[in-house]
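Listed here are the chains, written in short residue letters.
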Amino acid sequence: MADSVITGLRDLVYCVMKDDAQEIYNAEVKKFPDAILCKISPGASSEKLYANNRLKKVSNRMNEFNIELGFANMTDEIEADLFGHERDLNFGGVIKRDTDVPPFVAIGGVGTCDDGEEKFFWLTKISFVEPDDSAQTDSNKTNYQTPTIKGSGCARMRDGVWKHSVMTSDENFTKEKQEKYFEKPYELQENPSKLQEV
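So, how was this worked out
- Residues numbered from 1 in each chain as written.
- Predicted model: local features only at pLDDT ≥ 70, side-chain atom pairs only at ≥ 80, totals over all residues.
- Heavy atoms only, no water.
- Core = buried A, V, L, I, M, F, W, Y, C linked by side-chain atoms within 4.5 Å.
- Buried < 20%, exposed > 50% of the residue type's maximum accessible area, 1.4 Å probe, protein only.
- Pairing = 2+ DSSP bridges.
- Helix = DSSP H or I, 4+ residues; strand = E, 2+ residues; numbered from the N terminus.
- Salt bridge = Lys/Arg side-chain N within 4 Å of Asp/Glu carboxyl O.
- Contact = heavy atoms within 4.5 Å.
- Patch = residues over 30% accessible without salt bridge, like charges linked within 9 Å, V, L, I, M, F, W, Y side chains within 5 Å.
- Areas by Shrake-Rupley, 256 points an atom, 1.4 Å probe, with all protein chains shown as cover.
- Phe/Tyr/Trp six-rings, centres within 6.5 Å; stacked < 30°, edge-to-face > 60°.
- Lys NZ or Arg CZ within 6 Å of the ring centre and 35° of its normal.

A.B. asks: Any details on the nonpolar core? Residues and values, ideally.
C.D. replies: If you look at the biggest cluster of nonpolar residues, it comprises 18 residues, and the most contacted ones within it are Phe 32, Leu 69, Leu 82, Ile 107, Ile 126 and Phe 128. In this structure, Val 166, Tyr 181, Phe 182 and Tyr 186 belong to the second largest nonpolar core, which totals 14 residues.

A.B. asks: Report on the pairing of strand β1 (residues 6-19), specifying residues and quantitative values.
C.D. replies: Bridge analysis of β1 against strand β8 (residues 105-113) gives 8 bridges, and the strand direction is antiparallel. From the neighbouring strand, Gly 8 faces β8, where its bridge partner is Thr 112. The pairing of β1 with strand β3 (residues 30-31) spans 2 bridges and is antiparallel. From the neighbouring strand, Tyr 14 faces β3, where its bridge partner is Lys 30. Bridge analysis of β1 against strand β2 (residues 24-25) gives 2 bridges, and the strand direction is antiparallel. From the neighbouring strand, Met 17 faces β2, where its bridge partner is Tyr 25. Connecting β1 to the antiparallel partner β2 that follows it, the hairpin turn spans 4 residues, and Glu 23 within it adopts a positive phi of roughly 55 degrees.

A.B. asks: Requested: an account of the pattern of salt bridges, with residues and values cited.
C.D. replies: Considering all chains together, one arrives at 14 salt bridges under this definition. Note that Lys 125 and Glu 23 form a salt bridge whose closest N and O atoms lie 2.7 Å from each other. Residue Lys 125 is located in strand β9 (residues 118-128), and its partner Glu 23 is located in the loop between β1 and β2; the two are separated by 102 residues in the primary sequence. In terms of burial, Lys 125 and Glu 23 fall into one category: buried. In this structure, the salt-bridge partner of Glu 79 is Lys 96, at a minimum N-O distance of 2.7 Å.

A.B. asks: Describe the environment of Gly 108, naming the residues involved and giving the relevant values.
C.D. replies: In this fold, Gly 108 is placed in strand β8. Aside from chain neighbours lying at most four places away, what touches Gly 108 is Asp 11, Leu 12, Val 13, Phe 121, Trp 122 and Phe 182.

A.B. asks: Give me the lowdown on the environment of Gly 8, citing residues and values where you can.
C.D. replies: Considering the arrangement of structural elements, one finds Gly 8 in strand β1. In the structure, Gly 8 is positioned 102 residues away from Val 110 in sequence and 8.4 Å away in space, judged by C-alpha atoms. Here Gly 8 is in contact with Val 110, Gly 111 and Thr 112, once residues within four sequence places are set aside.

A.B. asks: Which residues make up unusual backbone geometry, and what values do they have?
C.D. replies: Unusually for a residue other than glycine, Glu 23 sits at a positive phi of about 55 degrees. You can call Glu 23 buried: its relative accessible area is 3%. Unusually for a residue other than glycine, Asp 34 sits at a positive phi of about 35 degrees. Along the chain, Asp 34 turns up in the loop between β3 and β4 (35-51).

A.B. asks: Tell me what's going on with the environment of Glu 68, and back it up with residues and numbers.
C.D. replies: Along the chain, the position of Glu 68 falls in strand β5 (residues 54-71). On a C-alpha basis, the gap between Glu 68 and Ser 41 in space is 8.6 Å, while along the polypeptide they are 27 residues apart.

A.B. asks: Describe the side chain of Asp 81, naming the residues involved and giving the relevant values.
C.D. replies: Secondary-structure assignment places Asp 81 in helix α1 (residues 76-83). Discounting residues that sit within four places of it in the chain, Asp 81 has contacts with Tyr 14, Val 16, Lys 30 and Pro 103.

A.B. asks: An account of a nonpolar patch on the surface is requested, with residue identities and associated values reported.
C.D. replies: Together, Tyr 50, Leu 55 and Val 58 make up a nonpolar patch on the protein surface, roughly 310 Å² of accessible area in all. On the secondary structure map, Val 58 appears in strand β5. Judged by its relative accessible area of 45%, Val 58 is partly exposed.

A.B. asks: I'd like to hear about the packing of aromatic side chains, residue by residue, with values.
C.D. replies: One pass over the full model with this rule turns up 9 aromatic pairs. Relative to Phe 182, the ring of Tyr 181 lies with its centre 5.0 Å away and its plane at 85 degrees, an arrangement referred to as edge-to-face. Of the two residues, Tyr 181 and Phe 182, both sit in the buried class. One aromatic cluster is present, built from ring pairs that chain together Phe 120, Trp 122, Phe 173, Tyr 181 and Phe 182. Of note, Lys 125 hangs over the ring of Phe 104, and the distance from its end group to the ring centre comes to 4.8 Å.

Rendered as structure tokens:
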């Protein structure tokens, strides 16, 4: 509905892109543990044309976006997947090398609204940077130290899609489609016969 306001977040997932050149994803979509935050900040360039001492044209274009994710904890598997590290199958933990390169990943999730509606979304191409590593001593009050990671995203080269989002109130977004939405990252499926005139 038009007056739905997002008040929560659930079911944050990710899928690693296995081929950057072809922009093909791995078959497995994995879950983040207990999502706390997903903040998306689109960045746009703006060009203005003045004529006869007046603004005649404005051109705005989305070039990239910043993203910040927060969750209850980061597992070794997630850390290795997002930052291009290797799992140590002998001692356990994660091996970090100066040659590691974070892969592109797709991020999906559900924003819950105050009226019971939900907003499903996929972000198609994101690369995260290694987060700060800090700890604070225990004190007389509980101070939860949860991980936050930041990254940058852009549109896929092959179709120009950087985000897809849809409300559960959309008549085209059936229960069956909702159940399958996170089986794989969003792929554009144009159907000219169903395109509505604006």
